[in-house]
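So you can see what is in the structure, the chains are spelled out below.
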Amino acid sequence: MTQDQLKQAVARAAIDYIKPKLFNDSIIGVGTGSTANFFIDFLNEIKGHFAGTVASSEASAARLKKHGIDVLDCNSVSELVVYVDGADESNAHLQLIKGGGAALTQEKIVCALAKEFICIADGSKWVDVLGKFPLAVEVIPMARSYVARELVKLGGAPVYREGVITDNGNIILDVHNLQIIDAIAMETALNQITGVVTNGLFALRPADVLLLGTNDGVKTIRA
C-alpha cells in the first residue's frame, strides 16, 4: 500500500472507532495535516451523528466548513468527546512529536479539552526513540535568537522555518539532532524557556489510542 492509502485506512478506522461514542450533542476535536484531512473527508459521511467540531487550524476549519460541518469556537466548548489527529512520530508510550503543519499550539489546546485523544498515523511514524523528525517549537518572534541559543544548550540544532507564520502570529524553530529519551522532561524544559509558546512534544498528554496503518492492516495500540 502507498503512504496515502495507509493514511486513508487509519482515517477510515478512526471513523469506525468514534462512531459508537457519538451522540447528537457530541463535539469532535479535529487536528491538522494530511492524515487529518482524510479523516475530515470521511467525517462528512457521518455528520448527522454529532453536533459539531472544534478545529486545530484555520486550514482544517475551512475543510470542515466546505463539507458543511459546523465548526465551533473553542471558547464556547467545555469538553470534546474525542480529539482525532495525526503525528510526525510516535513511540511505544504513545508520546508524540507533532507540529509539522505548524499548528502545535492549537492542537495542544484542542487536545486538552478532549476526553480521549486518538492518534492516526501510518507505520512510518512509529519509532523507538523520538527526535529523528525535527521538533517544532513555536516562539514569539522577538525571542527567536534567544530561544535558539537556549535550544542549543539542550543539545539541539534549531533551524528557523522561513516563511511560516502560525495562526497565532508566531514563528517556528525546528530542532534537529535530538534523541528524546525522557519526553516528559524535555517537553517541560522546553516550555520553561522564556519566549516559547509551546513545543511539539505530546508527552505530558500522550495519545490514548494509536491507530497505526501497516501493510498488515490497521493496528490499535493503547498506552
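Above: the structure in question.
Residues numbered from 1 in each chain as written. Predicted model: local features only at pLDDT ≥ 70, side-chain atom pairs only at ≥ 80, totals over all residues. Heavy atoms only, no water.

### A few points about the sheet that holds strand β11 (residues 201–202)
One open sheet holds the 3 strands; their spatial order is β4-β5-β11, and the pairing between them is antiparallel. Looking at which strands have only one partner, the edges of the open sheet turn out to be β4 (89–90) and β11. With 2 bridges connecting them, strand β5 (residues 96–97) and β11 associate as antiparallel partners. Directly across from L96, in β11, lies its bridge partner F202. (Pairing = 2+ DSSP bridges. Helix = DSSP H or I, 4+ residues; strand = E, 2+ residues; numbered from the N terminus.)

### Digging into the sheet that holds strand β10 (residues 196–199)
Taken in spatial order, the 4 strands of this open sheet run β8-β9-β7-β10, and their pairing is antiparallel. Two strands in the sheet have a free side with no partner beyond their single neighbour: β8 (157–160) and β10. The mean angle between the axes of side-by-side strands here comes to 30°, regardless of whether they run parallel or antiparallel. Bridge analysis of β8 against strand β9 (residues 171–176) gives 4 bridges, and the strand direction is antiparallel. From the neighbouring strand, V159 faces β9, where its bridge partner is D174. Across the sheet, helix α4 (residues 104–112) is in contact with β7 (135–139), β9 and β10; its angle to β10 comes to roughly 70°. (Axes fitted to C-alpha atoms, helices over the stretch in contact; angles between N-to-C directions. Contact = heavy atoms within 4.5 Å.)

### What about the packing of aromatic side chains?
Evaluation of the coordinates by the stated rule reveals 2 aromatic pairs. For the pair Y83 and F117, a centre-to-centre distance of 5.1 Å together with 35° between the ring planes defines the contact as tilted. Here Y83 is found in strand β3 (residues 82–85), whereas its partner F117 is found in strand β6 (residues 117–122), with 34 residues between them in sequence. Across this residue pair, the class does not change: Y83 and F117 are buried. Measuring from centroid to centroid gives 6.2 Å for F117 and F202, while their planes differ by 55°, and the two rings are tilted. A residue pair is termed long-range when its members are at least 10 positions apart, and F117 in strand β6 and F202 in strand β11 qualify at 85 residues. Lying over the aromatic face of F202, K98 brings its terminal NZ or CZ to 5.6 Å of the ring centre. (Phe/Tyr/Trp six-rings, centres within 6.5 Å; stacked < 30°, edge-to-face > 60°. Buried < 20%, exposed > 50% of the residue type's maximum accessible area, 1.4 Å probe, protein only. Lys NZ or Arg CZ within 6 Å of the ring centre and 35° of its normal.)

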